[in-house]
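Letter by letter, the chains look like this.
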Amino acid sequence: MGIFSFLSGTRRTLLDGAFWSGWFGSTNHSDEPVNEQTVNSIDAVYACNRLISETIGCLPFGMFEVESPRVLTPADGHPLHSLISLSPNADQTALEFWEGVVSHVALRGGAFRLKRYSLSGEVVSLEHLPPPPYTYWKRDPGTRVRRCVVSGGPHQGEYAEDDIFYVRGFGDDPDEGISVVRYAANDFGRQMSMGRHSAKMMANGARPNMILTTQELMTPEQRKQIKENIVSPVVGSKNAGGVMVLEAGFDMKQVTLSPADVQLIEQMGFGVETVCRWFRTPPTMIGHSGGQTSWGSGIDALLIGFSKFTVLPYTKRIVQAVQKQLLRPQARSRFRPVMAIEGLMEGDSKTRADISKSKVLSGVWSVNEARAEDNLPPVEGGEDPRMQQQMVPLLTTIGEE
């Protein structure tokens, strides 16, 4: 087996840039190793990815039966219900599973999972597969047939398309979504470079680089003594505040700009906003308070905007992937997977209470349906929708007069 086959479990060439960038990092202007592992060391990337993944992982997800175009009833007995809402496999809960799927889609452009079937042909498990580029689609030459290649982990090998559950991210390629890690390599590399520079500045006691000048020609032994007795005692964060004594005609000159001159702090803050732009996440929601939000004032406006423009596209991708790839064709018109995002957009407790009251008084909800939203038990006589009696058609009232 060649070295390329040994590393990936399948045949690779030096021209396969997408795969090798996953190992060694994408090319970028900062010459930093930007790959799927290193970018999570950037606090803004980690915070955005975690916020999106955990939020979607916490959403209620289940199967519903379509009684009419506008009426859905819970299908708790459907085989897929417990799979997607409780435990997709033996190792993960539903929250852990779906937040992992979303994390792969957000960072790498897609998420692969291996289907396991029962003897009756029902999907009973979705096993974890390595994310792109370690798992990828391969088209058979001259055909529309594609196979999934897994180049690492316990499920290494090739699989038919029907054996794979795949959620693709944004992009127009039918085989893979856009990898933010690859496309944002320059921005992520710049953040890593600024973080490295800032760390070195702090390790040096926040002092800029300096040089000592003298008109005298020194011997190697004198240079060694100067470094040990003059420079070393005042270098490093643990020696911050020390006093350097210069003698024998020495002078000190600064050779680099100070952090204030290069506006390092402002640049790092701008980098956080750049990362948030890639993930379409409000900076305020990951703890970055610089500047004002562009989605109105208050956390409610932020949450609604985040729910509509960030969370909703992910949930649509997941729901449609489940309906297309896990449901049998004859069951797709009868059953529908639903990931409830409405709770995110209801605002605070007062807003939720006002919405429930409005729906009950207008007859949209029954009393028991409103109580079920707050996990309260039903009450006797609360099944029938009600509305105020004085709400009658205007023409009817005029005719009676």
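Model, not experiment: these values are computed from the prediction.

1. Observations concerning the overall build of the chain
And then number 1: In terms of regular secondary structure, the chain is built from 14 helices and 11 strands.
And then number 2: Sequence-distant contacts, at least 24 apart, represent 61% of the contacts inside the chain between residues at least 6 apart.

2. Structural notes on the pattern of salt bridges
And then number 1: Tallied over the full model, the rule gives 10 salt bridges.
And then number 2: As a salt-bridge pair, Arg328 and Glu122 come within 3.7 Å of each other at their nearest N and O atoms. In this pair, Arg328 sits in the loop between α11 (299–325) and β11 (335–339) while Glu122 sits in the loop between β3 (110–117) and β4 (123–128), placing the two residues 206 residues apart along the sequence.
And then number 3: Judged by its relative accessible area of 25%, Glu122 is partly exposed.

3. Some points on the side chain of Ser179
And then number 1: Mapping Ser179 onto the fold places it in the loop between β8 (164–168) and α6 (180–183).
And then number 2: Each residue touching Ser179, except ones within four places of it in the same chain, is listed here: Glu36, Leu107, Arg108 and Gly109.

4. Details of the packing of helix α3 (residues 43–57) against α11
And then number 1: α11 packs onto α3 with a crossing angle of 60° between their chain directions and a minimal axis gap of 11 Å. α11 is crossed by α3, and the crossing has right-handed handedness. For the pair α3 and α11, contact is made by Leu51, Ile52, Thr55 and Ile56 and by Phe306, Thr310, Val311, Tyr314, Thr315 and Ile318, respectively.
And then number 2: By residue class, the composition of the contact of α3 with α11 is 7 nonpolar, 3 polar and no charged.

5. Some details on α11
Working note: α-helix, 3.6 residues per turn, so residues spaced by three or four point in the same direction.
And then number 1: Between its terminal C-alpha atoms α11 stretches 37 Å, which fits the 39 Å expected from 27 residues at 1.5 Å a residue.
And then number 2: Along α11, the sharpest change in direction is near 45° and occurs at Val311; proline Pro313 comes one to four residues later.
And then number 3: Among the residues of α11, Leu302, Gly305, Phe306, Ser307, Thr310, Val311, Tyr314, Thr315, Ile318, Val319, Ala321 and Val322 are the ones counted as buried.

6. Describing the sheet that holds β8
And then number 1: The 3 strands are arranged β4-β3-β8 in an open sheet whose pairing can be described as antiparallel. Every interior strand has two partners, whereas the edge strands, β4 and β8, have only one. The sheet shows a mean angle of 30° between the axes of neighbouring strands, taken without regard to direction.
And then number 2: Bridge count for β3 against β4 is 5 bridges, and the pairing is antiparallel. Bridge assignment links Arg113 to a residue of β4, and that residue is His128.

7. Details of a negative patch on the surface
And then number 1: A grouping of Glu342, Glu369, Glu373, Glu383 and Asp384 is seen on the molecular surface, where their side chains present a negatively charged patch.
And then number 2: The residue Glu383 is located in the loop between α13 (367–373) and α14 (394–400) in this model.

8. Observations regarding the nonpolar core
And then number 1: In terms of nonpolar packing, the biggest core is built from 53 residues, with Trp98, Phe188, Phe279 and Ile318 touching the most fellow members.
And then number 2: Here this core takes 8 residues from helix α5 (residues 94–108), the largest share from any one element.
And then number 3: Residues contacting Phe279, with those up to four places away along its chain left out, are Val45, Cys48, Ile52, Ala106, Leu107, Val180, Phe188 and Thr310.
And then number 4: Among the nonpolar cores identified, the runner-up in size contains 9 residues, and Leu129, Cys148, Val150 and Tyr166 belong to it.

9. Some remarks on the packing of aromatic side chains
And then number 1: With the rule as written, the count across this model stands at 7 aromatic pairs.
And then number 2: With a centroid separation of 4.8 Å and 85° between ring planes, the pair formed by Phe97 and Trp98 is classed as edge-to-face.
And then number 3: Residue class for Phe97 comes out buried when judged on its relative accessible area of 1%.
And then number 4: Judged by its relative accessible area of 2%, Trp98 is buried.
And then number 5: Ring geometry for Phe188 against Phe279: centres 6.5 Å apart, planes inclined by 10°, an arrangement best described as stacked. Separated by 91 residues along the polypeptide, Phe188 in helix α7 (residues 185–203) and Phe279 in helix α10 (residues 264–279) bring together distant segments of the chain.
And then number 6: One aromatic cluster is present, formed by Phe61, Phe97, Trp98 and Phe165 through successive ring pairs.

10. Topic: the sheet that holds strand β2 (residues 71–74)
And then number 1: Strand order in the open sheet formed by 3 strands is β2-β1-β11, and the pairing between neighbours is antiparallel. The sheet is open, and its two borders are formed by β2 and β11, each paired with just one other strand. Averaged over all neighbouring strand pairs, the angle between strand axes comes to 45°, with direction disregarded.
And then number 2: Here 5 bridges tie strand β1 (residues 61–68) to β11, and the two strands are oriented antiparallel to one another.

11. Considerations on the layout of surface pockets
And then number 1: Roughly 680 Å³ of internal volume is contained in the second largest pocket.
And then number 2: Along its surface, the second largest pocket is lined by 24 residues, and Arg146, Glu161, Tyr166, Lys324 and Gln325 are the ones closest to its centre.
And then number 3: Residue assignment for the lining of the second largest pocket shows that the elements contributing at least two residues are β3, β5 (135–139), β8 and α11.
And then number 4: It is α11 that contributes the most residues to the lining of the second largest pocket, 5 residues altogether.
And then number 5: Considering only residue class, the lining of the second largest pocket consists of 10 nonpolar, 3 polar and 11 charged.

Here is what the cut-offs are and how they apply
Residues numbered from 1 in each chain as written. Predicted model: local features only at pLDDT ≥ 70, side-chain atom pairs only at ≥ 80, totals over all residues. Heavy atoms only, no water. Helix = DSSP H or I, 4+ residues; strand = E, 2+ residues; numbered from the N terminus. Contact = heavy atoms within 4.5 Å. Salt bridge = Lys/Arg side-chain N within 4 Å of Asp/Glu carboxyl O. Buried < 20%, exposed > 50% of the residue type's maximum accessible area, 1.4 Å probe, protein only. Axes fitted to C-alpha atoms, helices over the stretch in contact; angles between N-to-C directions. Left-handed = near helix turned anticlockwise from the far one by under 90°. Nonpolar A, V, L, I, M, F, W, Y, C, P; charged D, E, K, R; others polar. Expected span 1.5 Å × (residues − 1). Bend = angle between axes of the 7 residues up to and from the residue. Pairing = 2+ DSSP bridges. Patch = residues over 30% accessible without salt bridge, like charges linked within 9 Å, V, L, I, M, F, W, Y side chains within 5 Å. Areas by Shrake-Rupley, 256 points an atom, 1.4 Å probe, with all protein chains shown as cover. Lys, Arg positive; Asp, Glu negative; His and termini not counted. Charge placed at Lys NZ, Arg CZ, Asp CG, Glu CD. Core = buried A, V, L, I, M, F, W, Y, C linked by side-chain atoms within 4.5 Å. Phe/Tyr/Trp six-rings, centres within 6.5 Å; stacked < 30°, edge-to-face > 60°. 1 Å grid on protein atoms, 1.4 Å probe; cavity = no way out; pocket = protein on both sides within 12 Å on 5 of 7 lines; lining within 4 Å. Points joined across faces, edges and corners; volume = space filled by probe spheres on them.

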